[in-house]
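Architecture and fold: a report
Okay, here's what each chain looks like letter by letter:
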Amino acid sequence: MPRRIVALFRAARIALHIGYGLTLATIYPWLNANLRRRILQNWSAGLLDIFNVKVLVAADAPLHGLRHGLIVTNHISWLDVFVLNTVVPMRFVAKAEVRHWPLIGWLCARAQTLFIERGKARDAARLNVHLVQSLRSGECFAIFPEGTTTDGSAVGHFHASLFQPAIDAAAAVLPVAIRYQDAQGRISTTAAYIDEVSFGSSMWAILCAPALQVRLLTTPALNASAQDRRSLSQAAQRSIADALGTADSSNIHPALTRVQHAHANLRASSSQESTHVRTNPTTDCQDRAPAYFQPGA
């Protein structure tokens, strides 16, 4: 019962935070680029703080200094977008269904997310032209080439066509592995947005979780102009899979820092990783989500 009360309190804070985001979103597209980046980073960090989700990244990770290029990552949760934006504000390519998610979809659209209709060649061609122009102009984009979400235990097949804009624009490609874990460093599936779980039920599960950590594991950038899209996608997939495999099997990792949304956005952390044990805490709080978190309510 106490955890359920905490979850309801967090839900109220989420509602206020989303309301604040909706207000900002009405003017967001007309702000200058630097102000947009700051708002996006701060709002995303505030959202994760309410969910009690901490982002951990190596202090020397190339992700910190990235300002343009293509970030490629595995896809586990709808939280992934906000996790990445907390470190480096960027634009995303997302499936068209996201646009129709309650509130979040509209916020993503206002944040200039590009939406793609899966399986439609003409829409993919339109998107590729837009991506090439944006990458050449110095923007930073992120893609989820698996085209779906997983529980994070393995990396799915990468769709090579999504890498063509990076090749055409001769942009840097930075593979980033996302790993959700509990406070003890054990892999967690609490945030995984998979199977038939509704968006509301997924949000409620995260609200109920005592704490979550997200490790961002970056690997060396890939030279897009020197490879065809198939080779590039395979190289990115291997890099992410290897990073996750190393994190799961090793008890020793580089010094990690908790991301802060300020100019000096890193604070020392003493987080230690334990051996691989997948966890997904089950509580009465998670099993009985309020009616307004259920689809059709």
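Residues numbered from 1 in each chain as written. Predicted model: local features only at pLDDT ≥ 70, side-chain atom pairs only at ≥ 80, totals over all residues. Heavy atoms only, no water.

Describing empty space enclosed by the protein
- For the structure shown, the criterion picks out 1 cavity of 30 Å³ or more.
- In this structure, the largest cavity spans a volume of roughly 260 Å³.
- Lining the largest cavity are 20 residues, and of these Tyr28, Leu40, Trp43, Leu107 and Ala111 sit closest to its centre.
- At the level of secondary structure, the elements contributing two or more residues to the lining of the largest cavity comprise helix H1 (2-25), helix H2 (33-51), helix H3 (80-87), strand E3 (91-95) and helix H4 (104-110).
- Grouping the constituent residues of the lining of the largest cavity by class yields 14 nonpolar, 4 polar and 2 charged. (1 Å grid on protein atoms, 1.4 Å probe; cavity = no way out; pocket = protein on both sides within 12 Å on 5 of 7 lines; lining within 4 Å. Points joined across faces, edges and corners; volume = space filled by probe spheres on them. Helix = DSSP H or I, 4+ residues; strand = E, 2+ residues; numbered from the N terminus. Nonpolar A, V, L, I, M, F, W, Y, C, P; charged D, E, K, R; others polar.)

Quick look at the pattern of salt bridges
- For the structure shown, the criterion picks out 2 salt bridges.
- Residues Asp182 and Arg186 are paired through a salt bridge, measuring 2.9 Å at the closest nitrogen-oxygen approach. (Salt bridge = Lys/Arg side-chain N within 4 Å of Asp/Glu carboxyl O.)

Some details on the packing of H1 against helix H7 (residues 199-208)
- Where H1 meets H7, the closest approach of the two axes is 8 Å, and the angle between their N-to-C directions is 120°. As the angle between them shows, H1 and H7 are arranged oblique. As for how H1 packs across H7, the hand of that crossing is right-handed. Contacts between H1 and H7 involve Arg3, Arg4, Ala7, Leu8, Arg10, Ala11 and Ile14 from the former and Met203, Trp204, Ile206, Leu207 and Cys208 from the latter. (Axes fitted to C-alpha atoms, helices over the stretch in contact; angles between N-to-C directions. Parallel < 35°, antiparallel > 145°, perpendicular 65-115°, else oblique. Left-handed = near helix turned anticlockwise from the far one by under 90°. Contact = heavy atoms within 4.5 Å.)

Description of the nonpolar core
- Counting 62 residues, the largest nonpolar core has Phe51, Leu63, Trp78, Leu79 and Leu216 as the members making the most contacts within it.
- Sort the elements by how many residues they give to this core and H2 lands first, with 7 residues.
- The residues contacting Leu63, other than those within four sequence positions of it, are Ile71, Val87, Val88, Leu174, Val176, Leu216 and Thr218.
- Ranked by size, the runner-up nonpolar core spans 31 residues in total, among them Leu70, Leu131, Leu135 and Ile143. (Core = buried A, V, L, I, M, F, W, Y, C linked by side-chain atoms within 4.5 Å. Buried < 20%, exposed > 50% of the residue type's maximum accessible area, 1.4 Å probe, protein only.)

Focus on the layout of surface pockets
- If you add up the space inside the largest pocket, you get close to 570 Å³.
- The wall of the largest pocket is formed by 29 residues, among which Val93, Ala94, Lys95, Ile116 and Phe144 lie closest to the centre.
- Secondary-structure elements contributing two or more residues to the lining of the largest pocket are H3, E3, H4 and helix H5 (121-136).
- With 4 residues, E3 is the single largest residue contributor to the lining of the largest pocket.

A word on the packing of aromatic side chains
- Per the counting criterion, the structure on display carries 6 aromatic pairs.
- Ring plane angle 25° and centroid distance 6.3 Å describe the contact between Phe158 and Phe163, whose orientation is recorded as stacked.
- By relative accessible area, which is 2% here, Phe158 ends up buried.
- A residue is classified by how much of its surface remains accessible, and Phe163, at 0% relative accessible area, is buried. (Phe/Tyr/Trp six-rings, centres within 6.5 Å; stacked < 30°, edge-to-face > 60°.)

A closer look at helix H8 (residues 229-249)
- Across its 21 residues, H8 extends 30 Å between first and last C-alpha, which sits within 8% of the 30 Å expected from 1.5 Å per residue.
- Along H8, the residues that are buried comprise Leu232, Ser233, Ala235, Ala236, Ser239, Ile240, Ala243, Leu244, Ala247 and Asp248.
- Of the surrounding secondary structure, the elements contacted by the buried residues of H8 are strand E2 (69-73), helix H6 (164-169), strand E6 (172-181), strand E7 (212-218) and strand E8 (222-223).
- Where H8 starts, the residue carrying a side-chain oxygen 3.0 Å from the main-chain nitrogen of Arg230 turns out to be Asp228. (Expected span 1.5 Å × (residues − 1). Polar contact = N/O pair within 3.5 Å; in protein donor to acceptor, adjacent residues only side chain to side chain.)

Side note on the packing of H1 against H2
- Orientation of H1 relative to H2, taken along the N-to-C sense of each, is 170°, at an axis distance of 9 Å. If you check the angle between H1 and H2, you find them roughly antiparallel. Of the residues in H2, those in contact with Arg10, Arg13, Ile14, His17, Ile18, Tyr20, Gly21 and Leu24 of H1 are Ile39, Trp43, Gly46, Leu47, Asp49, Ile50 and Phe51.
- A per-class count over the contact of H1 with H2 returns 9 nonpolar, 3 polar and 3 charged.

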